[in-house]
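Here are the chains, one letter per residue:
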Amino acid sequence: MSQVSSRKTALVVCPGRGSYGRNELGYLRRYGQDLTGFWSEVDAFRKQKKQPTVTELDNQSEFSLSLHVPGENAAALIYCASYTDFFSIDREKIEVVAVTGNSMGWYTALGVTQSLPGMAGFEVANTMGSMMQGGIIGGQLIYPIADENWVPQADMKKNLEGFIAEANQLGEAYVSIYFGGYVVVGADDKAMSFLMKALPKVQDRFPMKLPGHAAFHTPLLRQTSEKAFAALKPSLFHKPNLPLVDGRGSIWQPYSTDLEALYDYTLHHQVTQTYDFSKAVTVGLKEFAPDVVILLGPGDATGGALGQIMIENKWLGCQSKQDFIARQSQQPFVLSMGREEQRSVVV
């Protein structure tokens, strides 16, 4: 008689930019003790590039906007924190059935599934995060398309699309990321200025411009894509050891992945076209039906977006923010490793 596994199945989500903040300072010092050999390689790589080491950044006594927020440092910290968390998951309790990520979290997803094995994943994340050192191209703002109860509102989405169309008469603006109940818009300076002034104020916070963010996942990053192809070789890429869900909702399977297509997607489409995180998670839920979703650290800011995606899909009966909160308090479906009480369930 076959024995039924007692392990929970999990969809793993790798967070993107903005997830390493003031509260995450020292994250690697707290949780990364089992990967000291990897940190040595990472720090040596950064020294060679004349960049502050990840250890130095994480060990600072205070969080600094000028030091920790720029892409060349933020990407390295986030990648390493997420990488640490993935390999801290107790595989006797958890069976990872698929991996996805938000924006730069795609590079982490490639790394933890060994599609970019060892230092290759860090090299790609660090290289892409450092692309704006010579000057940031455009910017990003975030704006809600769901109400305060996290219920999607078609009229809010349509209104935002109208303002983006108006902005395109002055410059260039595009949907950069679909992020649960929010849309991230990437735009050049003229279009960004218009949108920040013209968009109706919502919840006293939005539109919110994201500090230090370039207009990634838009055609404004065409030259960045070209630079990436020149800097990163196809030989870095291997077939993943777990299914990967990308920013279109496409699934890359371990045995059937076309490496040339994966290389091209990662450095072209993923850089210059909309990243649909909402669709990626939706596909992950519907195709793999996991028992839980594990959100890797640092931080847990993406947890709200995951709740909103559940509500959009009425997953596990969640139809409002209150439903999601009630579910999380009774039997958490989203386990954020950046939260100590939920981390303890996973490691």
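Scroll up to find the structure this text is about.
Residues numbered from 1 in each chain as written. Predicted model: local features only at pLDDT ≥ 70, side-chain atom pairs only at ≥ 80, totals over all residues. Heavy atoms only, no water.

Draft legend 1. Layout of the pattern of salt bridges. The full count for this structure, using the stated rule, is four salt bridges. Linking Arg 339 and Asp 300 is a salt bridge whose minimum nitrogen-to-oxygen distance equals 2.5 Å. Placement of the pair is Arg 339 in the loop between strand S11 (334–336) and helix H15 (340–346) and Asp 300 in the loop between strand S10 (292–295) and helix H13 (302–312), with a sequence separation of 39 residues. A residue is classified by how much of its surface remains accessible, and Arg 339, at 39% relative accessible area, is partly exposed. (Salt bridge = Lys/Arg side-chain N within 4 Å of Asp/Glu carboxyl O. Helix = DSSP H or I, 4+ residues; strand = E, 2+ residues; numbered from the N terminus. Buried < 20%, exposed > 50% of the residue type's maximum accessible area, 1.4 Å probe, protein only.)

Draft legend 2. Representation of the packing of helix H8 (residues 154–167) against helix H9 (residues 189–198) in the model. Relative orientation of the contacting elements H8 and H9 amounts to 140°, with a least axis distance of 9 Å. It follows from the interaxial angle that H8 and H9 lie oblique. Here the hand of the crossing between H8 and H9 comes out right-handed. Listed contacts from H9 to Phe 163, Ile 164, Glu 166 and Ala 167 of H8 are Ala 191, Phe 194, Leu 195 and Ala 198. For the contact of H8 with H9, a count of residues per class yields seven nonpolar, no polar and one charged. (Axes fitted to C-alpha atoms, helices over the stretch in contact; angles between N-to-C directions. Parallel < 35°, antiparallel > 145°, perpendicular 65-115°, else oblique. Left-handed = near helix turned anticlockwise from the far one by under 90°. Contact = heavy atoms within 4.5 Å. Nonpolar A, V, L, I, M, F, W, Y, C, P; charged D, E, K, R; others polar.)

Draft legend 3. Representation of empty space enclosed by the protein within the structure. Taken as a whole and judged by the stated rule, the model has one cavity of 30 Å³ or more. Taken together, Val 281, Leu 285, Val 293, Leu 306, Met 310, Phe 333 and Val 334 make up the lining of the largest cavity. Put simply, the parts of the chain that give the lining of the largest cavity at least two residues each are helix H12 (277–288) and H13. Its residues assigned to classes, the lining of the largest cavity shows seven nonpolar, no polar and no charged. (1 Å grid on protein atoms, 1.4 Å probe; cavity = no way out; pocket = protein on both sides within 12 Å on 5 of 7 lines; lining within 4 Å. Points joined across faces, edges and corners; volume = space filled by probe spheres on them.)

Geometry only, nothing functional implied.
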